[in-house]
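The primary structure of each chain is shown beneath.
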Amino acid sequence: MSSIIQLLPDHVANQIAAGEVVQRPASVVKELLENAVDAKATDIKLIIKDAGKSLVQVIDNGVGMTVTDARLCFARHATSKIRQAEDLFSLGTKGFRGEALASIAAIAHMEMKTKQDQDELGTHIVIEGSKFVSQEVAVLPKGTSFAVKNLFFNIPARRNFLKSDTVEFRHVMDEFQRVALAHPNIHFSFYHNGSELYNLPAAGYRQRIVGIMSGKTNEKLVPVNEDTEIINVQGFVCKPEFAKKNRGEQFFFVNDRFIKSGYLHHAVMAAYDGLLKDGSQPSYFLYLQVPPNTIDINIHPTKTEIKFDDEQALYAILRASIKHSLGQFNVAPVLDFERDSNLDTPYHYKDLEAETPTIQVDGTFNPFTDDKTNQHYSKAASGSGSSYSSGSSSSSFSSGSSYSGYSKRVEPTVSWESLYVGLDTENTESIESSPFNFENEEVTSSLFNDDEVEQASQKTYQIHKKYIVSPIKSGMIIVDQHRAHQRILYEQFLLNMTVNQASSQQLLFPLDLFYSSLEMKLIEELKPSLETTGFVFEDAKTDHIVISGIPVNITESEVSLVIEQLLSDLQDGIPASSYSQNDTIAKSMAKSLAVKTGSYLTEKEQDNLVNGLFACKDPNISPFQKPTFITMRVEDIDKKFAL
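About the thresholds
- Residues numbered from 1 in each chain as written.
- Predicted model: local features only at pLDDT ≥ 70, side-chain atom pairs only at ≥ 80, totals over all residues.
- Heavy atoms only, no water.
- Helix = DSSP H or I, 4+ residues; strand = E, 2+ residues; numbered from the N terminus.
- Buried < 20%, exposed > 50% of the residue type's maximum accessible area, 1.4 Å probe, protein only.
- Contact = heavy atoms within 4.5 Å.
- Pairing = 2+ DSSP bridges.
- Axes fitted to C-alpha atoms, helices over the stretch in contact; angles between N-to-C directions.
- Salt bridge = Lys/Arg side-chain N within 4 Å of Asp/Glu carboxyl O.
- Phe/Tyr/Trp six-rings, centres within 6.5 Å; stacked < 30°, edge-to-face > 60°.
- Patch = residues over 30% accessible without salt bridge, like charges linked within 9 Å, V, L, I, M, F, W, Y side chains within 5 Å.
- Areas by Shrake-Rupley, 256 points an atom, 1.4 Å probe, with all protein chains shown as cover.
- Left-handed = near helix turned anticlockwise from the far one by under 90°.
- Nonpolar A, V, L, I, M, F, W, Y, C, P; charged D, E, K, R; others polar.
- Parallel < 35°, antiparallel > 145°, perpendicular 65-115°, else oblique.
- pLDDT = per-residue confidence, 0-100.

Let us look at the overall build of the protein. For the protein, the count of helices and strands is 17 helices and 22 strands. Here the protein holds 643 residues, and the buried ones make up 41% of them. Of the contacts made within the protein by residues no fewer than 6 positions apart, 67% connect residues no fewer than 24 positions apart.

Right under this line is the structure:
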C-alpha cells in the first residue's frame, strides 16, 4: 500500500497559519506596528483605506534590513527576536514566532521597502500570495515600509465574513490605541482614507492617554504608583463618578505589552468596592513591570494572554495600590468623622520644604487714625501736599483745608415717603383687593403624563417594587413594570422616528458632552436619526458635541446616560438599513429610560402603565423578546389550594 502522508507546500501551510494569525485587518495592523516598535523606530505612521480592506501601510524610521534579511523575513519561523528556546522566558520584544509576515504575504498583495542607515540603496520587494513578483534596488529613506493590499484576495470566503467598515475600523482603532498607549516615547500618526485621525508626539503616559481619549480625560485621572520586589505598578485609574456602562477604556500593559486578564480586572473592581453604581465599569490605564522570567507569553498567537507565576500576590498588590491612590486623593470616603479635611496637607505638597514668607511694610500706615475714610484721604493728601487744621477733629476737616485731586460731596438721604409720591391710590386699592393664589400642595414629578388618564375601575397593586398585579374577569395579570415600560417607550420612539414629527424641548443652557474620536464618529453617523427623536445638535467638534434641545420625555440629567447606552449598544456597528438603525436606537433609548426594578410607582402611575401596555401593538413581549406579563386564572389559583 502506498504512503498517504505528505508534506504540505509552503504556500498552503502559510494559508493555514494565517487563519490563526490574521483574522481581520486589525490583526495586520497589530503585527506591523509591533514589528516597527521592535525595529527601534521613533516615528511610526499608520495609513489605512476602507477600514484596512484595501490598504494597510506602516512606515517607520527603524533600523531597517539588509538584502538578505529582507528576503528571509517572509519565510516561516524566520525571526530576529529569539535564538533558542530559553529566550522565550526572557522576551524583550513584541514578536518571537516568526509567522506574521509569512502569513500576511500568503493572503494579500504585499510590498516592502527597507533600507539601513549605513547603506546607500535599499531593497524593494513585491509579493502576491507567497509568490515573489519582483525584487529590485531602490533609493529609499532609512527604515521600513510595509504596504498590505487586497487582504484575503485568494480566500473569498474569509473576505465575505468580514464585518462592515465601521466594525472593522473600530477593531483597527483598538489595536492602534493599544500600541500607542504602551509606547508614549514614540511619535505615532494615523491616517484613514486620506484624513488624519491622530498625531501623537512623544510624551509621558498622562499626555498620551489624554491625546488618544479626549481633552477632558485629564481631570478624570488618578495616578497609581507602587514599587515592590514582585511588581512595579504605574498608571492611572479614573474617578468613580466618571465610570461608564461599557468596558472600552480598560487597559492592562505588562512589560509594555497589552494583555487581557479577568483575574487582574477583578482586583481593580475589588478596589472600587462600594464606590460604583450597579453595572458601571471604571476606566483604567495600568502599566505593570514584572521580571520576564516570571511570565509566560507563548500561549496564544495573539499574545494577549499571559500566565503569571504568583497571581495571588499580584492581585493583592494591585488592589491595595489602587485603593491607596483613591484614598490619597480623597476619592474614596474617609471614616474618621472628627477629621477636618480642610486641614489636610495636599498630596503634592507633602514632600516640599517650608519657605520663609516675605514681609511687606506700608510706610504710609498711621496707627493713630481711627476712621477708615480719614486713613484713605490721609494717604492721598500725603502725596499732594495737603494739610489738616490742628484744631479739627479726627472725623472732620477744617473749612480752610485744601485738597488736590479729591472733592467729596455728601448727598442728603432721600426720605422713604418720597418713594410713594405720585402713586395712584385707585391702583393701590385694586392691587390690595386682588386675590392671590398660593401653592399649598407639594409639587412632585410624575413618571407618566397625567392628562387624559382614565379612572381605573379595578385597583392595581405593586409587589416588591417590581411587579404590578391587576385583577381581570378570569383572574389576574402580573406585569413586569420594567419590561412593560420598555415596550411603551419603544413604540413611542419608533412612531416619532418613522411617522410623527418628534417634539423637542429647548435647554436654557446647552449641554457639552465629551467623547473619544471613535465615539464622535458614531455620533456623527447617528445624528440624523437622533434628530428625528427630538435631539437638537447645536455644534459638533472633534472631541465633544453641544446639545441645545432634547426629547420631551427625557430629562437633562438622563441625556448622557442615553447616549452612552446607545454607543455601547452600537459598538458592533450601525445597521445599514434606516429601519434597522431606527429600531436599534428606539430599543436602546427605551432600555435607558424605562422605569427600573425597585422604583416605587403611585396608583395612578400603575394604572397608566397597565393601560399604556395594552394600548401597544404587541403588548405580550418587550422589545428584547421577553414576556411583559403573565395571566393567572382563578382555576389555576384553586388548584394551588386543592388537597
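Let's shift gears to the sheet that holds strand 20 (residues 536–540). Spatial strand order, 19-21-20: three strands in an open sheet with antiparallel pairing. The sheet is open, and its two edges are formed by strand 19 (504–514) and strand 20, each paired on a single side. Here the average twist between neighbouring strands, direction ignored, is 15°. Summarising the sheet, strand 20 and strand 21 (residues 544–551) pair through four bridges and their orientation is antiparallel. Paired with Phe537 across the two strands is Ile547, which belongs to strand 21. Packed onto the sheet, helix 13 (residues 517–533) meets strand 20 and strand 21 and runs at close to 155° relative to strand 20.

With phi around 60°, Lys40 is a residue other than glycine that occupies positive phi space. The topology assignment puts Lys40 in the loop between helix 2 (25–38) and strand 1 (43–49). A positive phi angle is found at His464, which is not glycine, with a value near 55°. Within the secondary structure layout, His464 lies in the loop between strand 16 (461–463) and strand 17 (467–472). Under the relative-accessibility criterion, His464 is labelled exposed at 75%.

Further remarks concern the pattern of salt bridges. Applying the stated rule across the entire model yields 14 salt bridges. Two residues, Glu249 and Lys244, come together in a salt bridge whose shortest N-O distance is 3.0 Å. For the pair Glu249 and Lys244, one class covers both residues: buried.

A separate point is the side chain of Arg208. Checked against the element boundaries, Arg208 lands in helix 7 (residues 205–212). For Arg208, the residues in contact, after removing those within four places along its chain, are Ala180, Leu181, His183, Pro184, Ile186, Phe188, Leu200, Pro201, Ala202 and Ala203.

Counted under the stated rule, the structure contains 17 aromatic pairs. With a centroid separation of 6.4 Å and an interplanar angle of 10°, the aromatic rings of Phe190 and Tyr198 are classed as stacked. Each member of the pair, Phe190 as well as Tyr198, carries the same accessibility label: buried. Their ring planes at 45° and their centres at 5.1 Å tell us that Tyr263 and Tyr315 sit as a pair that is tilted. Of this pair, Tyr263 sits in helix 8 (residues 262–271) while Tyr315 is found in helix 9 (residues 311–328), placing the two residues 52 residues apart along the sequence. Tyr263 sits in the partly exposed class, given a relative accessible area of 32%.

Once that is clear, we can look at the sheet that holds strand 11 (residues 250–254). Spatially, five strands are ordered 9-10-13-11-12 in an open sheet, and the strand pairing comes out mixed. The sheet is open, and its two edges are formed by strand 9 (221–227) and strand 12 (258–259), each paired on a single side. Alignment of strand 11 against strand 13 (residues 284–289), held across five bridges, turns out to be parallel. Bridged to Gln250 within strand 13 is Tyr284.

Below, the discussion takes up the environment of Ile47. When you line up the elements, Ile47 lands in strand 1. Sequence separation between Ile47 and His192 is 145 residues, and the spatial gap between their C-alpha atoms is 6.0 Å. Discounting residues that sit within four places of it in the chain, Ile47 has contacts with Leu55, Val56, Gln57, Ile59 and Tyr191.

A contiguous nonpolar surface patch, about 320 Å² in accessible area, is contributed by Leu121, Val137 and Val139. The class for Leu121 is partly exposed, based on a relative accessible area of 47%.

A packed helix pair is summarised by two numbers, namely the angle formed by the two axes and the spacing between the axes. At their nearest, the axes of helix 8 and helix 9 sit 8 Å apart, and the two run at 30° to each other. Two packed elements cross with a definite hand, and for helix 8 against helix 9 that hand is right-handed. Residues Tyr263, Leu264, His266, Ala267, Val268, Ala270 and Ala271 of helix 8 touch helix 9, and the partners they reach there are Glu311, Gln312, Leu314, Tyr315, Leu318, Arg319, Ile322, Lys323 and Leu326. A breakdown of the residues in the contact of helix 8 with helix 9 according to their chemical character gives eleven nonpolar, two polar and three charged.

Attention shifts here to the pairing of strand 6 (residues 143–149). Residues in a regular strand point their side chains to alternate faces of the sheet. A large share of strand 6 lies buried, amounting to six of its seven residues. One ladder, built from six bridges, connects strand 2 (residues 55–60) with strand 6; its direction is antiparallel. Bridging across to strand 6, Val56 finds its partner in Val148.

Here we take up the packing of helix 13 against helix 14 (residues 559–569). At a minimum axis distance of 11 Å, the contact between helix 13 and helix 14 shows a crossing angle of 110°. Taken together, helix 13 and helix 14 sit at an angle that is classed as roughly perpendicular. Where helix 13 approaches helix 14, its residues Glu519, Leu522, Ile523, Leu526 and Leu530 are matched on the opposing element by Ile563, Leu566 and Leu567. Of the residues belonging to the contact of helix 13 with helix 14, the class tally is seven nonpolar, no polar and one charged.

In this section: the confidence of the model for the protein. When the pLDDT values of the protein are averaged, the result is 78; 75% of them are 70 or greater. Throughout residues 373–408 the model reports pLDDT below 50, and contacts reaching past four residues in sequence, or to other chains, amount to 33 contacts. When the criterion is pLDDT under 50, residues 450–457 qualifies, and its contacts beyond four places in sequence or with other chains add up to four contacts.

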